[in-house]
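Observations on chain architecture
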Amino acid sequence: MSSIDQTKPSPARMYDFLLGGKENFEIDRQQVQIVLQDAPEARDAAVINRRFLAAATGYAASCGVKQFLDVGSGLPTQDNVHQVAQRMVPDASVVYVDNDPTVLLHAQGLLNDPRTGYINGDVMTPAEIISNPVTQELIDLTKPVALLLVAVLHFVPDGNDPYGIVHDLMEQLAPGSMLILSHVTTDEMSPVVSERISRQQLAVPLNLRSGKEILRFFDGLDLVDPPGFVFTEQWAPGKVLSADASQPLKLRCGVAVKP
Ligand SMILES: C[S@@+](CC[C@H](N)C(=O)[O-])C[C@H]1O[C@@H](n2cnc3c(N)ncnc32)[C@H](O)[C@@H]1O
């Protein structure tokens, strides 16, 4: 197991800081400040993304899905997937996957529940996630699963075939399974900001994609429409990004069903 490196910022801890959490170091906070210089609305975008995650999880549970595979789960925070799902479906099972050692450390607290598991794994090796004994024990692959890839695929460069990763994961899941996905988009972002973000020396760089490119992740699946393929605040209405954000950092999202 790799150990926690306090000298390098981690996306999980930066996101935790954006959400107002306490599981982050000075180096993470410094990196967030760099992001906020270019995209001050990133904090709201993170909160709204969490709202999408909860709304989409609740939607899947309301459709009768009782199994959840949350890849790139992040540090435990409020309304984690197992809490949202088990409020609606008490016997729902949830497997969390993340590759950050800080998440591994804090995930131990989630494991008091026998229907919730954690894998220290990488989205870039989907076969290992599926064959992992935790997945095999908690998830019945002959029944529908909600696969969550929420705000994680923008950490996967084109060279690592993000579309192939989604395809390989969905291929292992039964008909009726759902893909719950969000992704930072260049849509509505000024070219100046997108260029600056792309040039930032982040420990794990963001791979910005257009809405058209993000929509391709849903190829072969039936989008739940309404609301369809939208910005996160449209999937989960409530607080929207401030109107004066002229160059917003937004996430595109959708939920789709495997036919
Ligand atoms: C922005 S957070 C999103 C957390 C959560 N899904 C949410 O939307 O609230 C991204 C998470 O993806 C994880 N991550 C980044 N690259 C990953 C990879 N290659 N494999 C697994 N997890 C990864 C990070 O460690 C981090 O916890």
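Check the entry above for the structure.
About the thresholds
Here, residues in each chain are numbered from 1, in the same order as that chain's written sequence. Side-chain atom pairs in this predicted model are given and counted only at pLDDT of 80 or more, local residue features only at pLDDT of at least 70, and totals for whole chains, interfaces and linings cover all residues. Each helix is a run of DSSP H or I of at least 4 residues and each strand a run of E of at least 2, with the numbering of both proceeding from the N terminus. Note on method: radius of gyration uses C-alpha positions; expected globular size equals 2.2 Å times residues raised to 0.38. Once C-beta atoms are placed from the backbone, each residue is buried if 20 or more other C-beta atoms lie within 10 Å of its own, exposed if 12 or fewer, and partly exposed for counts between those two. We call two residues in contact when the distance between their C-beta atoms, placed using the backbone, is within 7 Å. We call a residue near a molecule or strand when the C-beta position, derived from backbone atoms, sits within 6 Å of it. Residues of type Ala, Val, Leu, Ile, Met, Phe, Trp, Tyr and Cys that are buried and joined through C-beta atoms within 7 Å form what is called a nonpolar core. The directions from the helix axis to the C-beta atoms form the arc being described. Paired strands, in this sense, are two strands between which DSSP finds at least two bridges. If you view a crossover with the strands going away from you and the path from the first strand over the helix to the second runs clockwise, you call it right-handed. For every element, the axis is a line fit to its C-alpha atoms; helices are fit only across the contacting stretch, and the angle between N-to-C directions ranges from 0 to 180 degrees. Here a crossing is called left-handed whenever its near helix is offset anticlockwise from the far helix by less than a right angle, and right-handed whenever the offset is clockwise. Each residue gets one label: Ala, Val, Leu, Ile, Met, Phe, Trp, Tyr, Cys and Pro are nonpolar, Asp, Glu, Lys and Arg are charged, and the others, such as Gly, are polar.

Turning to the overall build of the protein chain, a few remarks are in order. Broken down by element type, the protein chain carries 11 helices and 8 strands. Here the protein chain has a C-alpha radius of gyration of 17 Å; the compact-globule value for 259 residues is 18 Å, and the two agree. With the C-alpha coordinates of the protein chain rotated into their principal frame, the extents come out at 45 × 40 × 35 Å. Within the protein chain, the proportion of its 259 residues that are buried is 46%. Long-range contacts, defined here as pairs at least 24 residues apart, represent 73% of the contacts in the protein chain between residues at least 6 apart.

Turning next to the site of the ligand. With respect to spatial proximity, 20 residues lie near the ligand, and among them Ala12, Gly72, Gly74, Asp100 and Val150 are the closest. Looking at the shell around the ligand, the elements with two or more residues in it are helix 1 (11-18) and helix 3 (42-62).

This part takes up the nonpolar core. Within the largest apolar cluster, 71 residues are counted, with the highest numbers of intra-cluster contacts made by Ala146, Leu147, Leu148, Leu149, Met178 and Ile180. For this core, the element with the highest residue contribution is helix 3, accounting for 10 residues. Among all residues touching Met178, those that are not within four sequence positions of it are Ala60, Val65, Ala146, Leu147, Val255, Ala256 and Val257.

Glancing now at helix 8 (residues 162-171). When helix 8 is considered as a whole, its buried residues turn out to be Pro162, Ile165, Val166, Leu169 and Met170. Buried residues of helix 8 fall within an arc of 125 degrees about the axis and therefore sit on the same side. In this structure, helix 8 carries Gly164 and Glu171 as exposed residues pointing more than 90 degrees from its buried face. Packing partners of the buried residues in helix 8 comprise helix 6 (126-131), strand 4 (146-150) and strand 5 (178-185).

We now examine the pairing of strand 4. Most of strand 4 sits inside the fold, with 5 of its 5 residues counted as buried. Burial along strand 4 is two-sided: Ala146, Leu148 and Val150 facing one way and Leu147 and Leu149 facing the other are all buried. Pairing of strand 1 (residues 67-71) with strand 4, which is carried by 3 bridges, proceeds in the parallel orientation. Within strand 4, the residue paired with Phe68 across the bridge is Ala146. Where strand 4 meets strand 5, 5 bridges bridge the pair, whose relative direction is parallel. Within strand 5, the residue paired with Leu147 across the bridge is Leu179. Between the parallel pair strand 4 and strand 5, the chain is carried across by helix 8, and the sense of this crossover is right-handed.

Bringing the environment of Ala54 into the picture now. Counting through the fold element by element, Ala54 comes out in helix 3. The partly exposed category is assigned to Ala54, around which 17 C-beta atoms lie within 10 Å. Counting along the chain gives 94 residues from Ala54 to Leu148, while the straight-line C-alpha distance between them is 11 Å. Those residues in contact with Ala54, other than ones at most four positions away along the chain, are Asp79 and Val84.

Quick look at unusual backbone geometry now. Negative phi values dominate among residues other than glycine, just as trans dominates among peptide bonds. Here the bond from Asp225 into Pro226 is cis, since omega is 0 degrees, no more than 30 degrees from zero. Looking at where Pro226 falls in the secondary structure, it is placed in the loop between strand 6 (222-223) and strand 7 (230-231). The step from Pro226 to Pro227 runs through a cis peptide bond, and the omega angle for that step is 5 degrees. Of note in this structure, Ala151 is not a glycine but carries a positive phi near 55 degrees.

Across the interface, helix 3 lies against helix 4 (residues 81-88) with an axial gap of 9 Å and an inter-helix angle of 35 degrees. Helix-helix and strand crossings are classified by hand; for helix 3 and helix 4 the assignment is right-handed. Contact with helix 3, carried on its side by Ala54, Thr57, Gly58, Ala61 and Ser62, involves Val81, Val84, Ala85 and Met88 of helix 4 and no other residues of that element. In terms of residue class, the contact of helix 3 with helix 4 is made up of 6 nonpolar, 3 polar and no charged.

Note that all results are geometric; they support no functional claim without further evidence.
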